[in-house]
Amino acid sequence: MELFTDEYFMREALKEAKKAFDIGEVPVGAVVVCKNRVIARAHNQTEKLTDATAHAEMLAVTAAANYLGSKYLTECALYVTLEPCVMCAGALHWTQMSKVVFGASDVQRGFSLVSTPLLHPKTIIEKGIKADECKALIDDFFKRIRK
């Protein structure tokens, strides 16, 4: 079995973010990986679904839980192009996600801005994977809508 890298899975999340960009959503993409296999993928759909909670992470976690038939994702990793917000971090805590990998930091709304730890204590956090590419997509989106 071929083992994929964090960079490979972040490229998959970036593909999802580009889908969001193309439909006018804030370009955040996420994939959930279990046993070296993508089991769920999603991108932001808050505008399309008129749902403020339709973040890429939330949609990917729901799809992964449905796929596995479990509310716990203890053997899974989430790859997301932007640091999760507080809402998404709370959901990741409750699912007991084993690993969260994000590309760009969110200096305005990211969960790391909060002093109280939000993720499950056993969750491994990795950041900065393909950060420049992830940040560039977000920056391009906001430049486009603010013209």
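You'll find the protein chain entered in an unreviewed UniProt entry as tRNA-specific adenosine deaminase, with Pseudochryseolinea flava given as the organism. In the Subunit (unreviewed entry) part of its UniProt record, the protein chain is described as follows: "Homodimer."

The next point concerns the overall build of the protein chain. The helix and strand inventory of the protein chain stands at four helices and five strands. Along the protein chain, helices and strands appear, N-terminal first, in the series α-β-β-α-β-α-β-β-α. In summary, the protein chain has a C-alpha radius of gyration of 14 Å against a globular reference of 15 Å for 147 residues, a match within 12%. Seen along its three principal axes, the alpha-carbon backbone of the protein chain occupies a region of about 45 × 40 × 30 Å. By the burial criterion, 46% of the 147 residues in the protein chain qualify as buried. Here the analysis covers contacts within the protein chain between residues at least 6 apart in sequence; of these, 60% occur between residues at least 24 apart. Surface exposure of the protein chain reaches about 8100 Å², of which carbon and sulfur atoms provide 54%. The average position of the 19 basic charges and that of the 18 acidic charges among the side chains of the protein chain differ by 1 Å.

A sheet is described by the order of its strands in space; here five strands give the open sequence 2-1-3-4-5, paired in mixed fashion. In this open sheet, the two strands that pair with only one neighbour each are strand 2 (37–43) and strand 5 (124–127). Sheet twist, expressed as the mean angle between neighbouring strand axes with direction ignored, is 15°. Summarising the sheet, strand 3 (residues 76–82) and strand 4 (residues 99–104) pair through five bridges and their orientation is parallel.

Now for the packing of aromatic side chains. With the rule as written, the count across this model stands at seven aromatic pairs. Put simply, the rings of Phe-4, Tyr-8, Phe-9 and Tyr-79 pair up and form one aromatic cluster. The ring of Phe-21 carries the charged tip of Arg-144 above its face, separated from the ring centre by 4.3 Å.

Turning our eyes to something else, we now look at the pairing of strand 2. Inspection of the sheet shows strand 1 (residues 29–34) paired to strand 2 by six bridges, in the antiparallel sense. Across the sheet, the residue bridging to Gly-29 is His-43, located in strand 2.

Let us look at the nonpolar core. Residues Met-10, Val-32, Cys-76, Leu-78, Tyr-79, Leu-92 and Met-97 are the most contacted members of the largest nonpolar core, which totals 40 residues. Within the residue set of this core, elements represented by two or more residues are helix 1 (6–22), strand 1, strand 2, helix 2 (56–68), strand 3, helix 3 (86–95), strand 4 and helix 4 (131–145). Not counting residues up to four positions away in its chain, the partners in contact with Leu-78 are Ala-30, Val-31, Val-32, Glu-57, Ala-60, Leu-92, Met-97, Lys-99, Val-100 and Val-101.

Moving on to the packing of helix 1 against helix 4. At a closest axis distance of 10 Å, the pairing of helix 1 and helix 4 adopts a crossing angle of 5°. Comparing their axes, helix 4 and helix 1 come out roughly parallel. Across from Met-10, Leu-14, Ala-17, Lys-18 and Phe-21 in helix 1, the residues of helix 4 making contact are Glu-133, Cys-134, Leu-137, Asp-140, Phe-141 and Arg-144. Taken together, the residues of the contact of helix 1 with helix 4 sort by class into seven nonpolar, no polar and four charged.

Let us look at the UniProt feature "active site" (unreviewed entry) in the protein chain. In the numbering used here, UniProt assigns the feature "active site" (unreviewed entry) to Glu-57. Within the secondary structure layout, Glu-57 lies in helix 2. For Glu-57, the contacting residues outside a window of four places in its chain are Val-28, Ala-30, Leu-78, Val-80, Leu-82, Pro-84, Cys-85 and Cys-88.

The rules behind each value
Residues numbered from 1 in each chain as written. Predicted model: local features only at pLDDT ≥ 70, side-chain atom pairs only at ≥ 80, totals over all residues. Heavy atoms only, no water. UniProt positions renumbered as here; feature names shortened; annotations may be inferred. Helix = DSSP H or I, 4+ residues; strand = E, 2+ residues; numbered from the N terminus. Rg over C-alpha atoms; globule rule 2.2 N^0.38 Å. Buried < 20%, exposed > 50% of the residue type's maximum accessible area, 1.4 Å probe, protein only. Contact = heavy atoms within 4.5 Å. Areas by Shrake-Rupley, 256 points an atom, 1.4 Å probe, with all protein chains shown as cover. Lys, Arg positive; Asp, Glu negative; His and termini not counted. Charge placed at Lys NZ, Arg CZ, Asp CG, Glu CD. Pairing = 2+ DSSP bridges. Axes fitted to C-alpha atoms, helices over the stretch in contact; angles between N-to-C directions. Phe/Tyr/Trp six-rings, centres within 6.5 Å; stacked < 30°, edge-to-face > 60°. Lys NZ or Arg CZ within 6 Å of the ring centre and 35° of its normal. Core = buried A, V, L, I, M, F, W, Y, C linked by side-chain atoms within 4.5 Å. Parallel < 35°, antiparallel > 145°, perpendicular 65-115°, else oblique. Nonpolar A, V, L, I, M, F, W, Y, C, P; charged D, E, K, R; others polar.

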